Every structure is written in C-alpha cells, then in structure tokens.
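Per-entry structural report
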Amino acid sequence: MRVAWNRSILLLMTLASATMLLTNACESNAPATVAPANGSAPTPSPGAPASSPVPPSTSPDEGSFVTTGPLVADQQADLGPERDGRIVEISVQIGDHVKAGQLLARLDDRLLRVACDAQNARIAASQAEVRNWKAEHESARADLRRADALLKERIMSQENWEVSKYKVEETAAQVDRYESEQAVAEAELAATIVQLEQSRIVAPFAGVVGRSSARLDEQVKTGAPLFWITAQGPLRVLFTVPETLMSSFTVGKRLDLTTADLSGLRQAGRIFRVSPVVDPASGSVQVIGAIEHPSPELKPGMTMQVRLAQ
C-alpha cells in the first residue's frame, strides 16, 4: 500500500515538472517589445520589419526659382524669293544693317521687262483704236439723227435708215472690243509688274542681316530661305515657369536677368505677357519678359538666366 502511494506521488511530480518546462519554452519564442520610458508606442524588436519613412513633398520656391530663355527681337523674319528664278544681284552680307524696303537680292527679270514693254505697246494700240472708234461712233450717231429726221419727212427710205442705224451699232461694238483688249492688256501688265516686284527681295523692316545663304547665279525656288533679318529692339526674353508658380509670375513683376555670355552683366526687366494656357505635356506656362534699357552688348539669340527680382 505504501509502495503504491509513493508511486502516485512520483507520477504527479513528473507531470508538474513537464508542464513548467513546456510553459517556459513557449514564452521564450514570443517576440519581445521594449516599452519606452515616455509611454509612447513600443519599439519593435530587432527581428521585426521596420516601416519606410514617407519623404515630404517639395515644390519650387519663387525666391530661389531660376530658369533660362532666349533673347528675341519683336521682329524677325526668314526671307526668300516669291517666284522661281536665278539670282543675278546680291546687295548685302551677314552683319549689314538694312532699312525697311532696302534691296537684299534680285532675280533675273529681263523676260519680264520685255513682257512689260509688249503689254504697254498693246495698251497704247488699244487706246488709239478706242479713240478712233469712239469718234466713228459719234459720227454715226449724228448720221442716225439726220436719218431719223429724213425718215420722218419720208425723204429717206427705211432701208437707208437701217444702214445708218447698223453703223451706230457696229461702231459701238468696235469701241467695246478695243476697250476689252485694253483691259486684258492692262491686267496682264499688272500681273507682270507683280512678278517684277517678286524678283526683288527686300527688307520688310529695319534690322541687321543675321544669316545669308544667297549665291550669285544660283537657281532658287519660291520660298527658299535666303536671308534672316532681325530687328535690334525692343528685346524680349522667352521662358517658362511651372504651373505651381503661376500666381507669382504676373504681368508687371520685376525680373533680374544675367547671362553666362557676359559675366558681371545684370539686366533689369519686367514681365510683359503671360500665356493663359498651361502646357499639359510639361505643366508649364509661357512667359515673355521685356528688357528695360538693354545693354548694347545684348544680342538676339543669347540665353538669359531669369529670376524674380528681390
């Protein structure tokens, strides 16, 4: 009896020891957290994954924003012939200053001048015929008036009166014919004069010759660019700004301009125009700045650095 009791006690003690060992093993595998002293959220254990921080959003600041853009003149044009032809005269070269209407180059126009002379002769001949037939017409009308009186007095026959009437109609038709020939010749002369004017390539405004590709005796086609003329003022600077800075770049705002081409030069300007349209591809707005009292060293085509004046 005593042996059975001792065995029961030994079995109970073995079961209790096994339960304690299993409990300690489970607690050792649980993730540990350390609670900070200030009571904030617990810090993850070294084995736990850390969350990535979200970077703050940034946008351009109007005070530090700098952009670039080219200098342009209000008037710039590529010029070429308005008809096909051969260049027989070149009057200017790159860098020459020109006035409005000044000849730059001329195409061969000899055939056109001959055509003008022929058309002028046709016009003169038609005018002489018109004068002659108008005189004949007036004479025929006078004869018809006399014939009317003679017919009324039954002195002239109906057949002779009709001859007088026919002569009036014939002379009137001849007047109309030669007036039409004169009008056609005058229209052809006007067209030839236009072609003569198109033989002259002239400057549309005062400026300087920036480029030239014209060569003597070269056959050129209508519209082929031969000269690039640019006015020297007023100067404008073209640039773009982000959509987020539209409210800062308004008409009248002062600009501070510099250029790497001329170190040390600072040029004042102001915003002249702002496009009301945002380019959806770039999210930017076109701005035009006016140069105030531009330095003579500034030239169209230079790249300017642009910022708002402080």
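The present account deals with the structure reproduced in this document. Bear in mind the structure is a predicted one, so any value in this text is a computation, not a measurement. (Residues numbered from 1 in each chain as written. Predicted model: local features only at pLDDT ≥ 70, side-chain atom pairs only at ≥ 80, totals over all residues. Heavy atoms only, no water.)

The helix and strand inventory of the protein stands at three helices and 14 strands. Buried residues in the protein amount to 29% of all 310 residues. Taking the contacts inside the protein whose residues are at least 6 apart along the sequence as the reference set, 73% of them involve residues at least 24 apart. Of the accessible surface of the protein, which amounts to about 20,300 Å², a share of 57% is contributed by carbon and sulfur atoms. (Helix = DSSP H or I, 4+ residues; strand = E, 2+ residues; numbered from the N terminus. Buried < 20%, exposed > 50% of the residue type's maximum accessible area, 1.4 Å probe, protein only. Contact = heavy atoms within 4.5 Å. Areas by Shrake-Rupley, 256 points an atom, 1.4 Å probe, with all protein chains shown as cover.)

Let's shift gears to the side chain of Gln267. Secondary-structure assignment places Gln267 in strand β12 (residues 266-279). When its relative accessible area of 5% is taken as the criterion, Gln267 is described as buried. Within the local environment of Gln267, its side chain forms a polar contact with the backbone oxygen of His293, the two atoms lying 3.2 Å apart. (Polar contact = N/O pair within 3.5 Å; in protein donor to acceptor, adjacent residues only side chain to side chain.)

Turning our attention to helix α2 (residues 110-152). Every α-helix carries 3.6 residues per turn, so stepping three or four residues along brings you back to the same face. Here α2 contains 43 residues, and its C-alpha end-to-end distance of 63 Å stays within 8% of the 63 Å for a straight helix at 1.5 Å per residue. Within α2, burial applies to Leu112, Cys116, Gln119, Ile123, Ser126, Val130, His137, Ala140, Ala142, Leu144 and Ala147. Residues of α2 that are buried in the fold lie against α3 (158-198). Taken from the residues just after α2, Arg154 is the one with a positive phi, measuring 60 degrees. (Expected span 1.5 Å × (residues − 1).)

With antiparallel pairing, four strands are arranged side by side in an open sheet as β6-β5-β3-β8. Looking along the sheet, the strands with just one partner apiece sit at the ends: β6 (200-202) and β8 (219-220). Pairing between strand β3 (residues 85-90) and strand β5 (residues 103-107): three bridges, direction antiparallel. Bridge pairing in β5 links Ile90 to Ala105. (Pairing = 2+ DSSP bridges.)

Here the focus is the environment of Pro225. Of note, Pro225 is situated in the loop between β8 and β9 (227-230). The spatial distance from the C-alpha of Pro225 to the C-alpha of Leu79 is 5.4 Å, given a sequence separation of 146 residues. Ignoring anything within four residues of it in the chain, the contact list for Pro225 reads Asp78, Leu79 and Ser213.

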